[in-house]
Structure formats: structure tokens, C-alpha cells
Amino acid sequence: MRDITLYQYLLGLESPWTASQVELNIENQRVDVWVEHAKGRQWPCPECGTEGPLHDHGEERVWRHLDSCQFQTLLHARPPRVKCPEHGVRRVRLPWAEPRARFTLLFERFAIEVLRQTNIKAACQILRISWDEAWYILHRAVGRGLSRKQKRVIPRYGVDEKSAGRGQDYVTIICDLDGGTVEEVTEGNSKQSLTSYFEQLTPEQIDGIEAVSMDMSKAYIHAVLDMLPEGKEKIVFDRFHIMKHMGEALDKVRREENAMLAKSGESPLKGSRFIWLYSKENLPEKHWDRFYSLKACDLKTGRAWAIKENLRHIWGYKRRVWAERFWKKWYFWATHSRLEPVKKAAKTFKSHLYGILNYARHRITNASVEGVNSQIETLWKSACGFRNKKRFRTVILFHFGGLDLYPVTH
């Protein structure tokens with residue numbers, strides 16, 4: 001089999017395209033293949049499909065193809081142009097590459113597979129492409145996926161912020177809780193960050209939103225209240241953030257009591273910070289003896305821990321009315337505990353009570369969003385950060401957007 005015929009099959013070329021010349025450069029480990037088309041053919045307009053005669057050819061272009069036995073393979077061709085009565089002179093669509101692409105469809109598909117499995121630096125070494133070329137493939141893949149994405153109603157959202165650099169630099173991650181995908185990444189963590197996403201949705205999509213899980217961010221709260229009908233009934237404050245806030249109040253009680261006891265001698269609370277942050281069932285066995293001895297000492301920290309643990313029961317109720325009855329008892333206990341950090345936390349929860357009680361109806365959390373954030377943090381560390389937020393958004397949607405990234409190769 002001649003080399004020209006071989007590459008005719010390897011490239012998947014069909015009439016009117018044929019491989020006309022193949023050059024092997026062993027020194028540079030490179031194979032160059034030239035492709036030509038038969039004469040006298042009618043060509044379809046890429047805009048409307050109307051066929052017409054050949055107008056002329058563009059300049060010769062080069063596309064990177066899959067390697068041949070570890071030799072870089074480059075495809076050369078002069079793209080034909082057709083003159084359409086409606087759209088004028090247009091370049092014909094080529095069967096081996098998308099418009100304005102620098103790689104063949106098969107190479108892009110393979111590159112996407114590699115980029116999904118490893119970081120950009122490693123992908124560049126495996127594929128023997130530059131950093132900019134890798135980002136070019138990423139951007140094209142995400143753009144392709146977004147253009148194919150169908151508008152659909154998403155009933156339950158999760159919203160959280162993610163650090164995107166040093167200082168107070170954030171992006172907002174908006175997730176489909178049922179699908180487990182990232183729907184959008186917007187700049188900042190302000191009201192506009194979430195509002196800008198809702199503004200892109202159709203009225204049907206807006207009406208179809210049943211619940212939004214979030215932390216107690218004022219910006220996100222106001223965005224939901226302004227953009228969603230009956231928004232207050234759809235906000236669900238994430239239980240993890242509520243318990244984290246309560247855990248911080250407990251730790252503040254411990255620090256204050258530890259400092260007070262240390263003045264009068266050795267404090268039994270010294271080195272016990274993490275013991276109090278465990279829930280009872282998750283406390284490691286090695287800490288049992290010390291925990292129960294501290295609990296028996298009638299410390300303020302022990303009372304704060306009991307109040308914290310008792311709050312967890314509110315998420316066990318499946319009816320709002322029973323959850324509200326429990327809340328009233330817990331709130332009375334917390335505000336009469338004479339523990340200022342606990343009282344302050346309880347009053348904060350009271351002002352956000354609607355979103356806590358809404359859990360009884362919607363029963364959603366930001367657990368999947370936090371999981372995605374953890375994986376995003378791994379990507380961030382692996383890449384040692386990203387040049388700008390646009391690239392950060394691209395890589396998040398590439399890995400977690402649930403998009404159809406691959407070009408059509410048949």
C-alpha cells in the first residue's frame with residue numbers, strides 16, 4: 001500500500017478529497033500530508049447550503065493531526081471558496097476540521113480526553129503542544145459545549161462563593177443540585193454576581209425554580225428576593241454554614257473561658273479546641289476519656305457544646321410547624337444561656353429563620369457544591385492559579401459543567 005493511500009484511510013478522506021503528497025522528515029520526526037480535491041465540483045455555501053461553482057482558493061493552511069508512530073503529522077490544504085448569491089464569497093467547510101481551527105477534529109477530540117485526565121502542563125508535554133494551544137483547545141471545547149446546551153428548567157440550585165486569588169477576590173459558583181453540574185461561574189460575590197445569571201434565564205426557567213441553597217450572604221439573599229417570585233419561600237440556608245457559625249460561637253466561648261481559667265492556674269481546656277467541634281457520634285475514640293471528663297466539669301464550654309449539638313435536631317423535622325416549635329424552645333435556651341457568643345449566634349439565626357425552616361419543605365443542602373469547590377481547589381493548586389477569572393471560569397466549566405465538549409468526527 002502506497003503512503004498516499006495509507007494516509008487517505010488514516011485521515012478518513014472521502015470524495016472529492018484525496019491525499020496528493022506525503023513527505024517524511026525523520027530528522028524532525030514529522031510527517032507532512034498535502035490534500036487536494038477533484039476539479040469541476042459544486043460546493044455548498046457554509047451559511048445556507050446553496051451549491052455553486054468554485055470561486056477561488058484561500059492561502060494554504062496547516063492543521064495538526066494525530067501522530068503517526070510518534071511522528072507529528074501535519075495536514076496541508078488550500079481551502080476552496082464558493083460565491084453564494086445571498087452570502088457572497090465564503091470558505092467551504094472542511095470535513096477534517098472546524099472553521100478557524102488549528103487542529104483536526106480527531107486531534108482535538110484526543111486532546112480533550114487528555115486535558116480531562118490531567119493538568120494543562122502535563123497535557124502540553126503529552127500532546128507536544130504549547131501552553132497557548134492547550135488553552136485554545138479548552139476555550140473551543142467549552143464554547144462548543146455551551147452552544148449545544150439546551151435551555152431547561154432547573155428546579156433546585158446551589159450557590160456558593162469561591163476564592164479566585166489573593167485577598168477578597170471571589171467568583172460565584174452556581175450549581176444544579178440534581179444534576180451535580182456547574183451551570184455558571186460569575187465574577188465576584190455580590191448581588192449582581194447572582195442577578196446576572198438569573199437575567200439570562202427565560203420566564204419559564206425562572207418560574208420553575210423551586211429552591212436555592214446558599215449561605216447567609218446578604219448579597220445572594222437580595223438577588224433571590226428580587227429575581228424570583230416568592231423568593232423568600234425558596235431560600236434554604238445550608239445547614240453546614242449554620243453549624244459552622246454555631247461552631248465559631250462555641251469556640252469563642254472556649255477561648256474566653258480558657259483565658260479566664262488560665263489566669264487562676266492551669267486550664268483544663270488547654271489543647272481541647274478540636275474536641276468540642278466534633279459532633280458526639282463522630283468524636284474519635286482516643287478523645288472519649290478527656291471529653292467526658294471535661295463535660296463533667298460544668299464548664300461554660302460544655303453548655304455551649306450542648307446547645308450546638310441540640311440545634312442539629314432542627315433538620316430532622318419534615319414539617320415546618322414542628323421545626324418551628326423546636327426552634328422556639330432552642331432559641332429560649334440559647335438566649336438565656338448567659339453565653340454572649342451563643343446568644344449573638346441565636347439572634348443571627350432568628351433573623352434568617354425563614355431560610356432555616358424552609359429545609360423542612362425542600363430538604364436540600366450545599367453538600368454537592370462544597371464537593372465541587374473542593375475539586376476546584378485541587379485544580380487551582382495543580383495549576384498554581386490561573387491568569388484571570390475568564391480562564392478560571394473556562395476550566396471549571398470544562399471539568400464540571402456537564403457539557404458536550406467533543407467535536408463531531410463522523
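Structural notes, computed from the coordinates. (Residues numbered from 1 in each chain as written. Predicted model: local features only at pLDDT ≥ 70, side-chain atom pairs only at ≥ 80, totals over all residues. Heavy atoms only, no water.)

### With respect to helix H5 (residues 191-198)
Inference 1: Among all positions in H5, only Ser193, Leu194, Thr195, Tyr197 and Phe198 are buried.
Inference 2: Buried-residue contacts for H5 involve strand E10 (156-163), strand E11 (170-176), strand E12 (181-187), helix H6 (203-207) and helix H7 (218-227). (Buried < 20%, exposed > 50% of the residue type's maximum accessible area, 1.4 Å probe, protein only. Helix = DSSP H or I, 4+ residues; strand = E, 2+ residues; numbered from the N terminus. Contact = heavy atoms within 4.5 Å.)

### Observations regarding the environment of Ala345
Inference 1: One can find Ala345 in helix H13 (residues 340-351).
Inference 2: For Ala345, a relative accessible area of 3% corresponds to the buried category.
Inference 3: Separated by 180 residues in the primary sequence, Ala345 and Gly165 have C-alpha atoms spaced 29 Å apart.
Inference 4: Ala345 has contacts with His245, Met246 and Ala249, leaving out every residue within four places of it along the chain.

### Here we look at the packing of helix H8 (residues 239-263) against helix H11 (residues 300-311)
Inference 1: Close contact between H8 and H11 brings their axes to 9 Å; oriented N to C, the two are set at 175°. By the angle class used here, H8 and H11 are roughly antiparallel. Each of Ile242, Met243, Met246, Gly247, Leu250, Val253, Arg254 and Glu257 in H8 lies in contact with H11, whose residues at this interface are Lys300, Thr301, Ala304, Trp305, Ile307, Lys308 and Leu311.
Inference 2: Per-class residue counts for the contact of H8 with H11 are nine nonpolar, two polar and four charged. (Axes fitted to C-alpha atoms, helices over the stretch in contact; angles between N-to-C directions. Parallel < 35°, antiparallel > 145°, perpendicular 65-115°, else oblique. Nonpolar A, V, L, I, M, F, W, Y, C, P; charged D, E, K, R; others polar.)

### Here's the deal with the sheet that holds strand E14 (residues 235-237)
Inference 1: Read across the open sheet, the five strands follow the order E12-E11-E10-E13-E14; overall the sheet is mixed. The sheet is open, and its two borders are formed by E12 and E14, each paired with just one other strand. On average, each strand axis in the sheet is inclined to that of its neighbour by 25°, with strand direction left out of account.
Inference 2: Pairing analysis gives six bridges linking E11 to E12, with the strands arranged antiparallel. Paired with Asp176 across the two strands is Thr181, which belongs to E12.
Inference 3: Those strands touched by helix H16 (residues 367-383) are E10, E11 and E12, and its axis lies near 35° from that of E10. (Pairing = 2+ DSSP bridges.)

### A look at the pattern of salt bridges
In a structure, side chains of opposite charge can pair up when their charged atoms sit close to one another.
Inference 1: Tallied over the entire structure, the rule returns 26 salt bridges.
Inference 2: Salt-bridge contacts for Arg81 lead to Asp56; the nearest nitrogen and oxygen are separated by 2.8 Å. Of this pair, Arg81 sits in strand E8 (residues 80-84) while Asp56 is found in strand E5 (residues 54-57), placing the two residues 25 residues apart along the sequence.
Inference 3: With relative accessibility at 28%, the residue Arg81 sits in the partly exposed group.
Inference 4: Taking the relative accessible area as the measure of exposure, Asp56 reaches 24% and is therefore partly exposed.
Inference 5: Taking the shortest distance from any N to any O, the salt bridge between Glu340 and Lys343 comes out at 3.3 Å. Highlighted residues: Glu340 and Lys343, both in helix H13, separated by three residues, approximately one helical turn. (Salt bridge = Lys/Arg side-chain N within 4 Å of Asp/Glu carboxyl O.)

### Points about the packing of aromatic side chains
Inference 1: This model, assessed by the stated rule, comprises 20 aromatic pairs.
Inference 2: Between Phe103 and Phe107, the ring centres sit 5.1 Å apart and the planes meet at 15°, which makes this aromatic pair stacked. Accessibility classification places Phe103 together with Phe107 in one group, the buried group.
Inference 3: Ring plane angle 65° and centroid distance 5.7 Å describe the contact between Trp380 and Phe386, whose orientation is recorded as edge-to-face. Each member of the pair, Trp380 as well as Phe386, carries the same accessibility label: buried.
Inference 4: By way of ring pairs, the aromatic residues Trp17, Trp43, Trp63 and Trp96 are connected into one cluster.
Inference 5: Across from the ring centre of Tyr136, 4.0 Å away, lies the NZ or CZ of Arg102, which sits over that ring.
Inference 6: The residue whose ring lies beneath Lys232 is Tyr354, and the NZ or CZ to ring-centre distance is 4.9 Å. (Phe/Tyr/Trp six-rings, centres within 6.5 Å; stacked < 30°, edge-to-face > 60°. Lys NZ or Arg CZ within 6 Å of the ring centre and 35° of its normal.)

### Structural notes on the environment of Asn358
Inference 1: Looking at the secondary structure, you find Asn358 in the loop between helix H14 (353-357) and helix H15 (359-362).
Inference 2: Contact partners of Asn358, with chain neighbours within four places excluded, come to Lys232, Glu233, Lys234, Ile235, Val236, Arg320 and Arg363.
Inference 3: Side-chain polar atoms of Asn358 contact the backbone oxygen of Lys232, separated by 3.0 Å. (Polar contact = N/O pair within 3.5 Å; in protein donor to acceptor, adjacent residues only side chain to side chain.)

### Some words on the pairing of strand E9 (residues 88-91)
Inference 1: Judged from the four bridges that link them, E8 and E9 form a sheet pairing that is antiparallel. Counterpart to Lys83 in the pairing with E9 is Val89.
Inference 2: Counted between consecutive antiparallel strands, the loop separating E8 from E9 contains three residues.

### A closer look at the pairing of strand E13 (residues 211-214)
Inference 1: Side chains Ala211 and Ser213 of E13 all project onto a buried face; the interleaved residues Val212 and Met214 project onto the opposite face, where all are buried too.
Inference 2: In this structure, E10 lies alongside E13, joined through three bridges in parallel fashion. Counterpart to Tyr157 in the pairing with E13 is Val212.
Inference 3: The parallel pair E13 and E14, bridged by H7, forms a crossover whose chirality is right-handed. (Right-handed = clockwise from strand over helix to strand, strands pointing away.)

### Overview of unusual backbone geometry
Inference 1: The omega angle of the peptide bond from Ser15 to Pro16 is 10°, so this bond is cis rather than trans.
Inference 2: Here Pro16 lies in the loop between helix H1 (3-10) and strand E1 (17-25).
Inference 3: Notably, Glu230 is not glycine yet its phi reads approximately 55°, a positive angle.
Inference 4: Note on placement: Glu230 falls in the loop between H7 and E14.
Inference 5: On the basis of relative accessibility, which here comes to 65%, the residue Glu230 falls in the exposed class.

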